[in-house]
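Summary of the model geometry
One-letter residues, chain by chain:
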Amino acid sequence: MELRDETQKLKRAHVILKEKFGYEQFRAGQWQVIQDVLNGHDVFAMMPTGSGKSICYEVPGYLMEGLVLIISPLLSLMEDQVHQLRKIGEKQARALNGLMHPQERKRVLQKINTLRFLFISPEMLRQPQILAVLQRTKVSLFVVDEAHCVSQWGHDFRPDYLYLAQIKAKLGYPPCLAVTATADERVRVDIARALDLRDVRQLLMSVDRSNIALIVKKVMDNSEKVDQLIQLLSKVRLPGIVYCAARDWTERLAEQIRLHTGLRTAYYHGGMDAVDRRKIQNQFLDGELDVLCCTNAFGMGINKPDIRLVVHFQFPGTMNAYLQEIGRASRDGKQGLAVLYYTEQDERYPSGFIDMNFPDDTMLHQVLVELDQGLLQTEPKDNFLETLQGRGASETAARFLYEQVRAVPREKRFLSILDECRRIIRERRIIQMNDLKVMKDYINSNTCRRAFYQSFYKEKQQHKPKLCCDQCGLQFDAFSGEESPEDRPHSEQILEWRARLTLLLKGSDHEK
DNA sequence: CGGCCGACGGATATCCGTCGGCCGGTGCGATATT
């Protein structure tokens, strides 16, 4: 009888897809995930961005009894997703966050039993009052969106991510669905552990984006980089994103680009206020900008199908981050280009960031001693964090230390956790340094770029696109235009490009 | 890790080199103060 129920559910999934979302068929991967979810399994799904990850929990939301709880890393992402659901007429979708008026938050909690979808941050979810309300509610599905954040941020930057397993337990172990576009094997294991996934079904789609041509270009110094970038921007298709490691670089570059190319250029980073950020983001989405210089603050949840170029003015510290960032190009399947400029000095950024994530050993030791002597208190939290930052710790390092000391029982000495802290820091450092090494190896490798990361992800190289990478004969000069237009071997490239475009267009027609 | 800035000292009355220290990226929520 149970079996018949399940079959019924699966049939109804197709009906929901058509009636609510207006699609005839599930796309690759979606159907498998939905089946596993409806059958009550924990599921880990790695699907490329733009492949319709949200359908994977939205459709089950209509077939399971109770609330679908979606843990999301960004408030803007939650708002967007609620908005999307509203557009298809779903009224029982809400977000719960700190920007809301307390009254409104209360109202959402009061009618929680009538909701179908609730979007929430890991921080909010950890609040005892919120959790108490959720404990009285039936949670049908526990979704972790952008699940790579668990591993990428949970260990230092946003420690609340590491409490999701505990919260899941308090909610009575609802089935869990973790989705992301990029997670190498180590990250997958890390996520599975942090979320306490059991008997997990995995759907692993390729991380490769074959329509994005890859180029790594080594240059002497930053001024050469700026020159080359400006040339590149005036030759290739736009809009484009230029990723920088530091905020001041985004501003300086934007200025330079505007000056030398006249392109509509803006910058975006986490130091700007929320209104400006929204404004720039919307301008970019609406096609009012050609170039956006930004830090890694920009990108998550950005769904603009026609970004043609992603430049790395400095490279990120992990392969996952790199693939996330270049993956924002050409979601529509047309030809895109990713260019990474490299000088040896650029390494200082990622290695500096790794250093900043943790307190140094002197501070660690000193703080534990002072806590034991009563010269320092862990509470109130903000005072503790401020004191540490006053002594030169980064905000992340301070918060890391707070997470370590907050749970030390009264009868124990703080110094007793010294070795444990040292071990954690050492291990995390090794992991991050290894990630960085992989990224450096990618840059310095003299084999196919695509083959390199596919092997890192333990994927077999499926099909090699014609416009693959600089190692496979893709001419950087054809894009950058270092020579005069006449003597460039350009026309052939363009022809090839056109031919490919046509093919792609035909291909997508065929799919429909 | 390395670029950048300010301090400092030496040789000369303003400049020049060197050295040490600092800084650098992601966002949530809550709370107190203008």
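By the naming in an unreviewed UniProt entry, chain A is RecQ family ATP-dependent DNA helicase, taken from Sporolactobacillus kofuensis.

Topic: the domain arrangement of chain A
The accessible area lost on association of the parts is a frequent measure of interface size. When its domains are assigned, chain A resolves into domain 1 (2-204), domain 2 (212-346 + 445-506) and domain 3 (357-434). Taking only C-alpha atoms into account, the centre of domain 1 sits 32 Å from that of domain 2. Residue-level contacts link 20 residues of domain 1 with 11 residues of domain 2. Contact between domain 1 and domain 2 buries roughly 1200 Å² in total, counting both sides, with carbon and sulfur atoms accounting for 53%.

Digging into the side chain of H312
Along the chain, the position of H312 falls in strand β12 (residues 309-312). You can call H312 buried: its relative accessible area is 1%. A polar atom in the side chain of H312 sits 2.7 Å from the side chain of E325. Ignoring sequence-local partners within four residues, the contact set of H312 consists of Y243, Y322, E325, I326, V339, L340 and Y341.

Regarding the protein's contact with DNA strand B
Residues in close proximity to DNA strand B total 32 residues, the closest being L75, A245, R247, T295 and Q345. Close to the protein, within 4 Å, the atoms of DNA strand B are drawn from sugar and phosphate at a rate of 57%. One nitrogen or oxygen atom from the side chain of R399 is found 3.0 Å from a base nitrogen belonging to DNA strand B. Every element with two or more residues in the surface near DNA strand B is listed here: α6 (122-125), α15 (348-356) and α18 (395-405). The biggest single contributor to the surface near DNA strand B is α15, with 5 residues. Here the surface near DNA strand B is built from residues that sort into 11 nonpolar, 13 polar and 8 charged.

A short note on the packing of α15 against helix α19 (residues 418-444)
It is the contact of α15 with α19, at a shortest axis distance of 10 Å, that shows an interaxial angle of 170°. Relative to α19, α15 is oriented roughly antiparallel. Packed against α15, whose contacting residues are P350, S351, I354 and D355, the element α19 presents R429, Q432, M433 and L436 at the interface.

A closer look at the sheet that holds strand β5 (residues 139-144)
Spatially, the 7 strands line up as an open sheet ordered β3-β4-β2-β5-β6-β1-β7, and their pairing is parallel. The strands lining the two open edges of the sheet, one partner per strand, are β3 (93-96) and β7 (201-204). Between one strand axis and the next, the sheet turns by 15° as a mean value, whatever way the strands run. Note that strand β2 (residues 67-71) and strand β4 (residues 117-120) share 4 bridges and pair parallel. Along β4, the bridge assignment pairs I70 with F119. Strand contacts of helix α4 (residues 75-87): β3 and β4, with the helix running at about 165° to β3, the strand carrying the most contacts.

Things to note about the sheet that holds strand β10 (residues 265-268)
Judged by pairing direction, the sheet is parallel, and its 6 strands sit side by side in the order β8-β13-β12-β9-β11-β10 without closing on themselves. At either margin of the open sheet sits one strand with a lone partner, and together these are β8 (212-218) and β10. The average angle at which neighbouring strand axes cross in this sheet is 15°, direction not considered. The pairing of β8 with strand β13 (residues 336-342) spans 7 bridges and is classified as parallel. Counterpart to V216 in the pairing with β13 is L340. Along the sheet face, helix α13 (residues 274-285) touches β9 (240-243), β10 and β11 (291-294) and points at about 135° away from the line of β10. Sheet strands touched by α19: β8 and β13. Its angle to β8, the strand with the most contacts, is close to 90°.

Let's talk about the nonpolar core
Counting 78 residues, the largest nonpolar core has L69, F142 and Y442 as its most contacted members. Counting residues per element, this core draws most heavily on α19, at 5 residues. No fewer than three residues from each of domain 1 (2-204) and domain 2 (212-346 + 445-506) sit in this core. Setting aside residues up to four positions removed in sequence, Y442 forms contacts with L214, V216, M319, Y322, R449, F452 and Y453. Residues I16, V33, Y62 and V143 belong to the second largest nonpolar core, which totals 34 residues.

A word on the environment of F44
Structurally, F44 can be placed in strand β1 (residues 43-46). For F44, a relative accessible area of 2% corresponds to the buried category. Separated by 384 residues in the primary sequence, F44 and R428 have C-alpha atoms spaced 23 Å apart. The residues contacting F44, other than those within four sequence positions of it, are A178, T180, A183, R188, I191, L197, V200, R201, Q202, L203 and L204.

Some details on the state of the cysteines
Simply put, the disulfide is a covalent bond whose two ends are the sulfur atoms of two cysteines. Within the structure shown, the criterion is met by 0 disulfides. Among the cysteines around C294, which has no disulfide bond, C244 carries the closest sulfur, lying 7.2 Å off. Accessibility expressed as a relative area gives 0% for C294, which makes it buried. You can see C472 has no disulfide; the closest cysteine sulfur is in C469, sitting 3.6 Å from it.

Considering empty space enclosed by the protein
Summed over all chains, the structure comprises 1 cavity of 30 Å³ or more. In this structure, the largest cavity spans a volume of roughly 110 Å³. If you go around the largest cavity, the residues you meet are P48, T49, A181, T182, V207, R209, L323, Q324, I326, G327 and Y453. Considered class by class, the residues forming the lining of the largest cavity number 6 nonpolar, 4 polar and 1 charged. Shared between two domains, the lining of the largest cavity holds at least three residues of each, these being domain 1 (2-204) and domain 2 (212-346 + 445-506).

Section: the packing of aromatic side chains
Counted according to the given criterion, the structure contains 14 aromatic pairs. For the pair Y349 and F353, a centre-to-centre distance of 6.4 Å together with 45° between the ring planes defines the contact as tilted. One end of the pair is Y349 and the other is F353, both in helix α15 and 4 residues apart, which spans about a single turn. Looking at Y349, the relative accessible area reads 10%, which means it is buried. For F353, a relative accessible area of 37% puts it in the partly exposed group. Here the basic side chain of K225 rests over the ring of F313, its NZ or CZ set 4.8 Å away from the ring centre. In this arrangement the basic side chain of R348 is found over the ring face of Y349, its NZ or CZ atom lying 4.1 Å from the centre.

Reading the values: rules and limits
- Residues numbered from 1 in each chain as written.
- Chains lettered and ligands numbered in written order.
- Predicted model: local features only at pLDDT ≥ 70, side-chain atom pairs only at ≥ 80, totals over all residues.
- Heavy atoms only, no water.
- Domains from an automatic or database assignment.
- Contact = heavy atoms within 4.5 Å.
- Buried area = accessible area lost by both parts, 1.4 Å probe.
- Helix = DSSP H or I, 4+ residues; strand = E, 2+ residues; numbered from the N terminus.
- Buried < 20%, exposed > 50% of the residue type's maximum accessible area, 1.4 Å probe, protein only.
- Polar contact = N/O pair within 3.5 Å; in protein donor to acceptor, adjacent residues only side chain to side chain.
- Near = heavy atom within 4 Å.
- Nonpolar A, V, L, I, M, F, W, Y, C, P; charged D, E, K, R; others polar.
- Axes fitted to C-alpha atoms, helices over the stretch in contact; angles between N-to-C directions.
- Parallel < 35°, antiparallel > 145°, perpendicular 65-115°, else oblique.
- Pairing = 2+ DSSP bridges.
- Core = buried A, V, L, I, M, F, W, Y, C linked by side-chain atoms within 4.5 Å.
- Disulfide = S-S within 2.5 Å.
- 1 Å grid on protein atoms, 1.4 Å probe; cavity = no way out; pocket = protein on both sides within 12 Å on 5 of 7 lines; lining within 4 Å.
- Points joined across faces, edges and corners; volume = space filled by probe spheres on them.
- Phe/Tyr/Trp six-rings, centres within 6.5 Å; stacked < 30°, edge-to-face > 60°.
- Lys NZ or Arg CZ within 6 Å of the ring centre and 35° of its normal.

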